[in-house]
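Take a look at the letters that make up each chain.
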Amino acid sequence: MVEKQGKAWREWFRLTPKRLCMMGVLLAMQIVLSRMMNIQLSPSLRLNLGFLPTAVAGMLMGPFCSMLVAVCGDLLGATLFPSGALFPGFTITAALAGINYGLWLYRREPKLWRAALTILPVTLICNIGLNTLWLWMLQGSGVLATFPARALKNIAQYPLNVALLYLTTKLVSRTGVK
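Caption draft 1: Here's a closer look at helix α5 (residues 88-105). Over its 18 residues, α5 extends 26 Å from the first C-alpha to the last, a length consistent with the 26 Å expected when each residue adds 1.5 Å. Along α5, the residues classified as buried are G89, T91, T93, A94, A95, A97, G98, N100, Y101, G102 and L105. Contacts from the buried residues of α5 go to α3 (51-61), α4 (63-80), α6 (112-139) and α7 (147-175). Residue R107 follows α5 closely and has a positive phi angle near 55°.

Caption draft 2: View of a nonpolar patch on the surface. The grouping of V32, M36, M37, L76, L80 and F81 at the surface amounts to a nonpolar patch, some 560 Å² of accessible area in total. Residue assignment for the nonpolar patch shows that the elements contributing at least two residues are α2 (17-36) and α4. Within the fold, F81 resides in the loop between α4 and α5.

Caption draft 3: Summary view of the packing of aromatic side chains. The full count for this structure, using the stated rule, is two aromatic pairs. Relative to F90, the ring of F87 lies with its centre 5.9 Å away and its plane at 70°, an arrangement referred to as edge-to-face. A network of ring pairs unites the aromatic residues F87, F90 and W134 as a single cluster.

Caption draft 4: Structural context of the side chain of Q157. The residue Q157 is located in helix α7 in this model. Classification of Q157 as buried rests on a relative accessible area of 10%. If we ignore the near neighbours within four places in the chain, the residues touching Q157 are L47 and N48.

Caption draft 5: The arrangement of the packing of α5 against α6 in detail. It is at 10 Å that the axes of α5 and α6 come closest, and there the two elements cross at 170°. On the basis of their axis angle, the class for α5 and α6 is roughly antiparallel. Only R114, L117, T118, I119, P121, V122, C126, L130, N131, W134, L135 and L138 of α6 make contact with α5, whose side of the interface consists of G89, F90, T93, L96, A97, N100, Y101, W104 and L105. Looking at the contact of α5 with α6, its residues break down into 15 nonpolar, five polar and one charged.

Thresholds, definitions, all that
- Residues numbered from 1 in each chain as written.
- Predicted model: local features only at pLDDT ≥ 70, side-chain atom pairs only at ≥ 80, totals over all residues.
- Heavy atoms only, no water.
- Helix = DSSP H or I, 4+ residues; strand = E, 2+ residues; numbered from the N terminus.
- Expected span 1.5 Å × (residues − 1).
- Buried < 20%, exposed > 50% of the residue type's maximum accessible area, 1.4 Å probe, protein only.
- Contact = heavy atoms within 4.5 Å.
- Patch = residues over 30% accessible without salt bridge, like charges linked within 9 Å, V, L, I, M, F, W, Y side chains within 5 Å.
- Areas by Shrake-Rupley, 256 points an atom, 1.4 Å probe, with all protein chains shown as cover.
- Salt bridge = Lys/Arg side-chain N within 4 Å of Asp/Glu carboxyl O.
- Phe/Tyr/Trp six-rings, centres within 6.5 Å; stacked < 30°, edge-to-face > 60°.
- Axes fitted to C-alpha atoms, helices over the stretch in contact; angles between N-to-C directions.
- Parallel < 35°, antiparallel > 145°, perpendicular 65-115°, else oblique.
- Nonpolar A, V, L, I, M, F, W, Y, C, P; charged D, E, K, R; others polar.

Right, here's the structure in full:
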């Protein structure tokens, strides 16, 4: 049993040509969905579906590859399509979300409850908590006035994100891609 667990951990960090190609495609999708196809509600509120390629990376390749897709997507997206200062806090948030997707979804059967539990920490800790902290550090105390709107937006978007993640993981699992 210990031998199998050791192999599972090594599997997370293996970067084969196939994995690198899949990561590149998912990275491109993540940048398009998060930077080009988003809805800017205000300077600190934005709706996008950029989490889906990162979640698919976590589902197919594990936490490490998902984290790489999220971090590279954040850095490349901020460089190619700047919408403010490049701040490492948002990259940390992206990395934590990528790790979360990989831990919850890698080699697991798609279930609605799993999608809900996968999105919950990303919504509460990353989006509402850490991103608000980073905005406060960048913009000062005025961002605290937008906290209720940010929290309400993320809570309202939670069921949509859960449904989209569940449908996406179900579709990807039916394709047989591994």
